[in-house]
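# Structural description and commentary
What follows is the residue order along each chain.
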Amino acid sequence: MVRRLPRKDVAIVGLGWTGSIMALELCRSGLDVVAIERGPWRDTATDFNIGTAPDELRYAVRHDIFLRTRQETLTMRNNSSQTALPIRRWGSFLPGNGVGGAGSHWNGQTWRFLPDDFRLRSKMIERYGEGIMPEGNQIQDWPMSYDELEPFYDKFEYVLGISGKAGNIKGQTQAGGNPFEGSRERDYPTPPMKQGYSQELFMKAAAGMGLHPFPRPSANLSSAYTNPYGCSMAPCTYCGFCERFGCSNYSKSSPQTCVLPALVREPNFEARTECEVTKVTLSGDGKMATGVVYVDANGEEWEQPADLVLLCAYGLFNVRLMLLSGIGKPYDAGTGEGVVGRNYAYQTGSGATAFFDNVNFNPFAAAGSLGAALDDYNSDNFDHGPHGFVGGASITNAYTNGRPIMYRPTPRGTPTWGSAWKKAVRETYQRVTNVGAQGSVMSYRANYLDLDPTYKDELGRPLMRMTFDYQPNEIKMANWMAERCEAIAKAMGAKTTQINRLNTPWNVVPYQSTHNTGGTVTGSDPKTSVLNRYLQSWDVPNVFVMGASTFPQNAGYNPTGTVGALTYWALDAIQKKYLKSPGALVQQ
């Protein structure tokens, strides 16, 4: 029997980056806010203590702070002619578990998307004509521009204390920064991280090729910093325990270091952990949310009435909750109609590995976002005409870690065990680096999310089904990028190189990227989007959805910077418009 609780002004599903920011700001607006989080509470002092935090076996291998498939999984297939099967162990991507979510275990790479990324369809057709658009694509312009988001990128970066070097301030190109970035009002709040020897070689080689390298923007802070919420952070020690780990040094921006210390002081905030929201409840006519239903750790079911419901879980799970709650029309790939689950996209990874003689790169002195990058081949910064694809990639040379268990780079063809393998590991460890391309993935009719017709979770709810594979456009783009990476690696002075092309078909087993996007996309047309430009449901106006599931397609960057900017953008609309006059912020 469902037990009904007293009403709250706001119910937030998930307490990661977006949920904690929304909770803090709406509490400060005077609202009673409850955040309901499936995983446990986590904070730095108890969960990421210096005595246990750098435990590679526990965190990186055994996935201590990641979601378990017994909590939630999904089924996967490459195309609609296949039968999807459940994922038994998270591999290609690793959703977080608990307060902080993926914001606790991320690397810290914090990018702004480029202005052209927000009007990609229009830009490509204007410059190249319809013929360049890939077959079966559903590429859409975003309903907001880079210029509209710029103040909110800025706000997110200053909450996180991002370390970097601006390339364009108020329209003026800045030496040492990214000359392709959109205009910004001011520089990053902290200076760039100190680069290693490999990055020095990369920047020198790239500049010599006429390219434009710059230090990668980083949420691993170069210096001490106190953010606008009064949360203080320490400078990074370059320990290399960032991705898959919480930071014991208060140096990696996360909800734990940047938001939660302020949020827990708000008297009108409540967090309920180890409670899984099973659906958003709706009014009789289905046009308003009345709250959420969740199951606690004892298996008891509760109804939490609320005036405003914010879906702030990991993107894939926001999509599933929308489908299970009956909000929005589910996407049907057969007819191309419906919107929830539409435009799922992922990320490509390709590049080149470079082997050197007589160098010591010291890969153990690393950080999740330490590195140098260039954007010459990203978005529409280059002429796509001769190449026959759309999209692009950010190219980087970076060391995120040189940890003892999982960092064992060896030349292709090396035995995978025994004395020959040990010899290769010993000889290679200090002398190898990578030039990598993180590429965009467009949206297609054939790639989507829906509810699986066969498999259910322990509560009897259908699992979500993922249908995805890389399309010819992405394969061509990623492999072309790999060749650009190899050219840079050779210019760096590598003795030998090996090119790393995109692996196809997409495989759910090896880790690749946790950058899942789409499924509840924002747009200008309710027929092709779930949310309006303020991330508000077209169908149920007191439901807002945060996160990368709102992206119409994915760009050649990590998504967190744009997720943060969109959160402050939607928050601004809620505070200045919705709370004064609840209802649809964009008329259909």
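Throughout, a residue's number is its position along its own chain's written sequence, starting from 1. Owing to the predicted nature of the model, reporting of local features is limited to residues with pLDDT of at least 70; listing and counting of side-chain atom pairs is limited to 80 or more, with chain, interface and lining totals taken over all residues. Derived side-chain values reflect all non-hydrogen atoms in the structure, with water molecules and hydrogen atoms excluded from consideration.

### Some words on the UniProt feature "domain: Glucose-methanol-choline oxidoreductase C-terminal" (unreviewed entry) in the protein chain
Within this structure's numbering, the places UniProt gives as "domain: Glucose-methanol-choline oxidoreductase C-terminal" (unreviewed entry) are residues 446-566. A run of DSSP states H or I qualifies as a helix once it reaches four residues; a run of E qualifies as a strand once it reaches two. Both are numbered from the N-terminal end. Annotation note: span residues 446-566, helix share 22%, strand share 21%, distance between end C-alpha atoms 27 Å. UniProt positions are given in the numbering used here, feature names are shortened, and annotations may be inferred rather than shown by experiment.

### Examining the packing of helix H6 (residues 146-160) against helix H13 (residues 560-578)
Relative to each other, H6 and H13 sit at 110°, their axes nearing to 8 Å. Our classification of the angle between H6 and H13 gives roughly perpendicular. For the pair H6 and H13, the crossing hand works out as right-handed. Between H6, through Glu148, Leu149, Phe152, Tyr153, Lys155, Phe156 and Val159, and H13, the contact on the second element is made entirely by Thr560, Gly561, Thr562, Gly564, Ala565, Leu566, Tyr568, Trp569 and Asp572. Its residues assigned to classes, the contact of H6 with H13 comprises nine nonpolar, four polar and three charged. Axes here refer to lines fitted to C-alpha atoms; in helices the fit is confined to the stretch in contact. Angles between the N-to-C directions go from 0 to 180 degrees. An angle below 35 degrees is read as roughly parallel, one above 145 as roughly antiparallel, one from 65 to 115 as roughly perpendicular, and any other as oblique. The handedness criterion is simple: a crossing whose near helix is rotated anticlockwise from the far helix by less than a right angle is left-handed, and one whose near helix is rotated clockwise is right-handed. Contacts were defined at the residue level, with two residues in contact if any of their heavy atoms lie within 4.5 Å. Charged residues are taken to be Asp, Glu, Lys and Arg, nonpolar residues to be Ala, Val, Leu, Ile, Met, Phe, Trp, Tyr, Cys and Pro, and polar residues to be all remaining types, Gly included.

### As for unusual backbone geometry
A cis amide bond, omega -10°, links Thr504 with the succeeding residue Pro505. Tracing the chain through its elements places Pro505 in the loop between strand S22 (496-500) and strand S23 (517-519). At Asn362, a position not held by glycine, the phi torsion is positive, near 50°. Mapped onto the fold, Asn362 is located in the loop between strand S16 (348-355) and strand S17 (371-374). You can call Asn362 partly exposed: its relative accessible area is 32%. For every residue, the accessible area (1.4 Å probe, protein chains only) is compared with the maximum for its type, and the residue is labelled buried under 20%, exposed over 50%, or partly exposed between those bounds.

### With respect to the UniProt feature "domain: Glucose-methanol-choline oxidoreductase N-terminal" (unreviewed entry) in the protein chain
Mapped onto this numbering, the UniProt entry gives "domain: Glucose-methanol-choline oxidoreductase N-terminal" (unreviewed entry) at residues 236-344. The span residues 236-344 is 17% helical and 29% strand by assignment, and the distance between its end C-alpha atoms comes to 35 Å.

### A few points about the state of the cysteines
Cysteine sulfur pairs qualify as disulfides if the two atoms are within 2.5 Å. In this structure the tally under the stated criterion is zero disulfides. Between Cys236, a cysteine without a disulfide, and Cys242, which holds the nearest cysteine sulfur, the sulfur-to-sulfur distance is 5.7 Å. Cys258 carries a free sulfur, and the closest cysteine sulfur to it, the one in Cys231, is 6.7 Å from it.

### Concerning the packing of aromatic side chains
Aromatic rings from Phe, Tyr and Trp, with only the six-membered ring used for Trp, were paired whenever their centres fell within 6.5 Å, and each pair was classed as stacked if the ring planes differed by under 30 degrees, edge-to-face if by over 60, and tilted otherwise. By the definition in use, this model includes 34 aromatic pairs. With a centroid separation of 6.2 Å and an interplanar angle of 85°, the aromatic rings of Trp17 and Trp106 are classed as edge-to-face. In this pair, Trp17 is assigned in helix H1 (residues 17-28) and Trp106 in the loop between helix H4 (102-105) and helix H5 (120-128), connecting sequence segments 89 residues apart. Ring centres 5.7 Å apart and planes at 55° place the aromatic pair Phe389 and Trp480 in the tilted group. Linking Phe389 in the loop between S17 and strand S18 (393-398) with Trp480 in helix H12 (residues 472-491), this pair joins segments that are 91 residues apart in sequence. Using a relative accessible area of 0% as the deciding quantity, one classes Phe389 as buried. Taking the relative accessible area as the measure of exposure, Trp480 reaches 16% and is therefore buried. Should the NZ of a Lys or the CZ of an Arg lie within 6 Å of a ring centre and within 35 degrees of the ring normal, that charge is described as sitting over the ring. Positioned over the ring face of Tyr158 is Arg186, at 3.5 Å from the centre of the ring. Above the face of the Tyr511 ring, Arg244 is positioned so that its terminal group lies 4.9 Å from the ring centre.

### What about the nonpolar core?
Leu310 and Val543 are the most contacted members of the largest nonpolar core, which totals 117 residues. Counting residues per element, this core draws most heavily on H13, at 10 residues. Contacts of Leu310, omitting those with residues within four sequence positions, involve Val10, Ala11, Ile12, Val13, Met22, Leu26, Phe544 and Ile574. We call a set of buried residues a nonpolar core when its members are Ala, Val, Leu, Ile, Met, Phe, Trp, Tyr or Cys and they connect through side-chain atoms within 4.5 Å of each other. Leu201, Phe356, Phe361 and Tyr429 belong to the second-largest nonpolar core, a separate cluster that totals 33 residues.

### Notes on the sheet that holds S22
Strand pairing is defined by DSSP finding a minimum of two bridges between the two strands. Pairing is antiparallel in the open sheet, where six strands are placed in the order S8-S17-S18-S19-S16-S22. On the outer flanks of this sheet lie strand S8 (214-215) and S22, each paired with one strand and no other. The sheet contact formed by S16 and S22 spans five bridges and is antiparallel. Bridging across to S22, Ala354 finds its partner in Thr497. Strands S8, S17, S18 and strand S19 (432-439) of the sheet are contacted by helix H7 (residues 197-208), whose axis makes an angle of about 20° with S17.

### Things to note about the environment of Asn107
For Asn107, the location among the structural elements is in the loop between H4 and H5. When the C-alpha positions of Asn107 and Asn220 are compared, they lie 8.1 Å apart, and in sequence the two are 113 residues distant. Apart from the residues within four sequence positions on either side, Asn107 is in contact with Asn220, Cys242, Glu243, Lys252, Gly368, Ser369 and Thr400. Here a polar contact means two N or O atoms within 3.5 Å. Within protein one must be a hydrogen donor candidate and the other an acceptor candidate, and residues neighboring in sequence count only if both atoms are side-chain atoms. Looking at Asn107, its side chain comes within polar contact range of the main-chain nitrogen of Glu243, at 3.3 Å.

### As for the pairing of S16
Burial runs high along S16: seven of the eight residues are buried. Here S16 pairs with S19 via eight bridges, running antiparallel. If you follow Gly349 over to S19, its bridge partner there is Gln438.

### Points about a nonpolar patch on the surface
Like charges are joined within 9 Å and nonpolar side chains (Val, Leu, Ile, Met, Phe, Trp, Tyr) within 5 Å, but only among residues with over 30% relative accessible area and no salt bridge; these make up the patches. Note on areas: Shrake-Rupley, 1.4 Å probe, and residue coverage restricted to the protein chains presented here. Salt bridge, as used here: a side-chain nitrogen of Lys or Arg that lies within 4 Å of a carboxyl oxygen of Asp or Glu. Nonpolar side chains collect at one region of the surface, where Leu57, Ile405 and Met406 lie side by side and expose about 240 Å² of accessible area between them. Mapping Leu57 onto the fold places it in helix H3 (residues 56-61).

### Regarding helix H11 (residues 418-428)
Among the residues making up H11, those that are buried are Ala424, Val425 and Thr428. Buried residues of H11 fall within an arc of 100° about the axis and therefore sit on the same side. Pointing more than 90 degrees away from the buried face of H11 are the exposed residues Ser419, Lys422 and Arg426. Here the arc refers to the set of directions running from the helix axis out to each C-beta atom.

### Concerning helix H10 (residues 315-325)
Quick reminder: α-helices carry 3.6 residues per turn. Residues three or four places apart thus point the same way. Counted residue by residue, H10 has 10 buried out of 11 residues, so it is predominantly covered. Turning to H10, its buried residues number three or more, namely Gly315, Leu316, Phe317, Asn318, Val319, Arg320, Leu321, Met322, Leu323 and Ser325. Positive phi appears at Gly326, one or two residues downstream of H10, with a value of about 75°.

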